[in-house]
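Architecture at a glance
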Amino acid sequence: MNVETRLLPPGFEDLERFVATWDHPDFNARRAWRGGLPMEDIRDFYETMRHRADAALTLVEQYPFEQMPEEIARLYRLVLALAHASMATEIHGCPRAPYAPYPDKLTVTRSFSIFA
Amino acid sequence: MGNDQKISLHAPANESYTRKAGLLPEPVSLESYRSQAFYELERDRVFGRSWLTLAREEELPEPGDYLVRDIEVLGASVIVARGRDGTIRSFHNVCSHRANQVAWERSGNATRLVCRYHNWTYRTDGRLIGVPDEASFERLDKAKCGLTPIATEVWEGFIFVNLERNPSVRLEEFLGGMGDYLKGIQYKYADNPITIEAHLDCNWKVACDAFSEAYHIPAIHANTIGKTFSSQDNKFAHILGANFFGPHRSAALYGNPDYIPGEEAHVERLAYSAIDSANVVAAGSREEMADYLAHPAVNHPKAREWVHDVHAIFPNLHIDTGQGGFYTHHFWPTSVNTTRYEVRFYMAHALDARARFQQEAYLARVMEVLLEDLSNVKRTQRGIDSGGKDYMVLQENEVMIRHSVHHVERWARAQTVQEALA
């Protein structure tokens, strides 16, 4: 794979299979997407990503937010998505809160100033 | 010793919270939660006469900044604007010409507010300064045709409005002892409200009640926050204390001081490893918080096993002061059985990737908690509307609900605000 088509930084090629499903532009999308996935997909991502998250953060934190190359930003968005996957695996034991409708009626209308 | 042998682990020895609130442990009528007639009384006598919060001053940092907020129960669209002189004012978003909506954007910065219908032009202090084809208006007195002002006062950074043409009381009198109690709290990160909204299928008080007690936490929030808001020593999340000031009230909630994430909570541990914060629903670090935490109203009992306070400003604002900062809830009636709910978590601007990740994990968990509460309110409203019950029975630690309903009913019956506040 040449540099132009690389989705993630070197050393994280194994996570590229998750990009299509887990890379989303904002908090609302990350949360909504997780709630609609089968548990085995969530667990697959979670079990892989949780072992890579610390190394990913070590790399990402070397870049100021406003000067992040796209492949670094994409890796970071996968780490952010891990927070949502963990809601399913560490809290509910299923993709979303039991007895709650999906899609639900909660939305973030003003998000974080960085990586909304 | 079982909990059934005591009213509360934490109530003063010879006094229950209920009696401290000036109330009795009687069943509470459900009528105010489902009656159209009562809703109309609330419209006119509660929301129509109270001081209501629409924003914080940090949302209008520059002269010319304005925002538009709705008060659906009153049918009002309100422009809140910081004038060129720096003063914050509010107006009905209604053109003096033929009552069209002036500001169509939800926020902005402008030296002029122009009604697009006929281009009538107003300054941000409400003055009418431009009328196209003015000569064709016989006897137009522009000085009398400014935007209709709404009484506005700023208290501790919160922008309050009163929709009475001539407010019965000033804000200071309305807040009374609650204003003194909360005065001087440092509202950390007040310029960064992460805002969540939901439209709910319940009366506004059903939503408000859901955030007024911790009794439900070990049950409905067992997986999300059950272990942080209760423990073997306090299985039912008894509150630590409560204070009452006229129609306003405050309670300190119990938090498990010894909570640590379980072995399998890998991501939770990762998120909270980089920042020393005291609870999974805290977003700030301990050092930043020392002065804020020292305020008498923040963790009033100064208990080690404290997680956050609920300060309820009548009728529909909760200011929660927690370990990592504050957050606010608003419960806006949109009909007798629907509500627009807003919650704002005021958080630091993350300085690095780990801090921002911690915030994502924090907000993700918060959303799961909110979902557990808010997906339940429809069930409660349906039960109320069914007529299957006419009363609810409340325990000691639900005193915030009892106090809220009592004062809403009092205001709905009172001919004057003075009578309501007496």
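Every residue gets a number counted from 1 within its own chain, in the order that chain's sequence is written. Written order decides the labels, with chains lettered from A and ligands numbered from 1. Note on the predicted model: pLDDT of at least 70 is required for a residue's local features to be given, and 80 or more for side-chain atom pairs to be given and counted; whole-chain, interface and lining totals, by contrast, use all residues. Heavy atoms throughout the structure, all of them, feed into the side-chain values; hydrogens and water do not.

1. Section: the nonpolar core
Note that soluble globular proteins tend to have their nonpolar side chains buried in a common cluster. To form a nonpolar core, buried Ala, Val, Leu, Ile, Met, Phe, Trp, Tyr and Cys residues must be joined to one another through side-chain atoms within 4.5 Å. Between buried and exposed lies partly exposed: a residue is buried under 20% and exposed over 50% of the maximum accessible area for its type, with that area taken using a 1.4 Å probe on protein chains only. In terms of nonpolar packing, the biggest core is built from 140 residues, with A:Y76, B:I71, B:I196 and B:F357 touching the most fellow members. Helix and strand definitions follow DSSP, with helices as H or I runs of at least four residues and strands as E runs of at least two, each counted in order from the N terminus. With 14 residues, the top contributor of residues to this core is helix α4 (residues 70-92) of chain A. Counting residues in hydrophobic clusters, the runner-up holds 19 residues, among them B:A251, B:L253, B:V310 and B:M400.

2. Things to note about the UniProt feature "domain: Rieske" (unreviewed entry) in chain B
UniProt positions are given in the numbering used here, feature names are shortened, and annotations may be inferred rather than shown by experiment. With numbering matched to this structure, UniProt assigns "domain: Rieske" (unreviewed entry) to residues 51-161 of chain B. Spanning residues 51-161 of chain B, this segment combines 0% helix with 43% strand, and its end C-alpha atoms are found 5 Å apart.

3. Quick word on the sheet that holds strand β5 (residues 88-92) of chain B
All names here are of chain B. The pairing criterion for strands is at least two bridges between them, as found by DSSP. Judged by pairing direction, the sheet is antiparallel, and its seven strands sit side by side in the order β2-β11-β10-β5-β4-β3-β6 without closing on themselves. Where the open sheet ends on each side, the last strands, each with one partner, are β2 (51-56) and β6 (107-109). Averaged over all adjacent pairs, the angle separating strand axes in this sheet is 30 degrees, with direction ignored. Note: strand β3 (residues 65-71) against strand β4 (residues 76-82), six bridges, orientation antiparallel. If you follow R69 over to β4, its bridge partner there is V78. Simply put, an axis is a line fit to the C-alpha atoms, just over the touching stretch for a helix, and the angle between two N-to-C directions goes from 0 to 180 degrees.

4. Some details on the pattern of salt bridges
Here, a salt bridge means any Lys or Arg side-chain nitrogen found within 4 Å of an Asp or Glu carboxyl oxygen. In this structure the tally under the stated criterion is 34 salt bridges over all chains. A salt bridge links A:R77 to A:D23, with the shortest nitrogen-to-oxygen separation between them at 2.4 Å. Here A:R77 is found in helix α4, whereas its partner A:D23 is found in the loop between α1 (19-22) and α2 (27-35), with 54 residues between them in sequence. Residues A:R30 and B:E360 are paired through a salt bridge, measuring 2.6 Å at the closest nitrogen-oxygen approach. Of the two residues, A:R30 sits in helix α2 while B:E360 sits in helix α10 (residues 353-374), which places them in two different chains. Residues A:R30 and B:E360 agree in their burial class; the two are buried.

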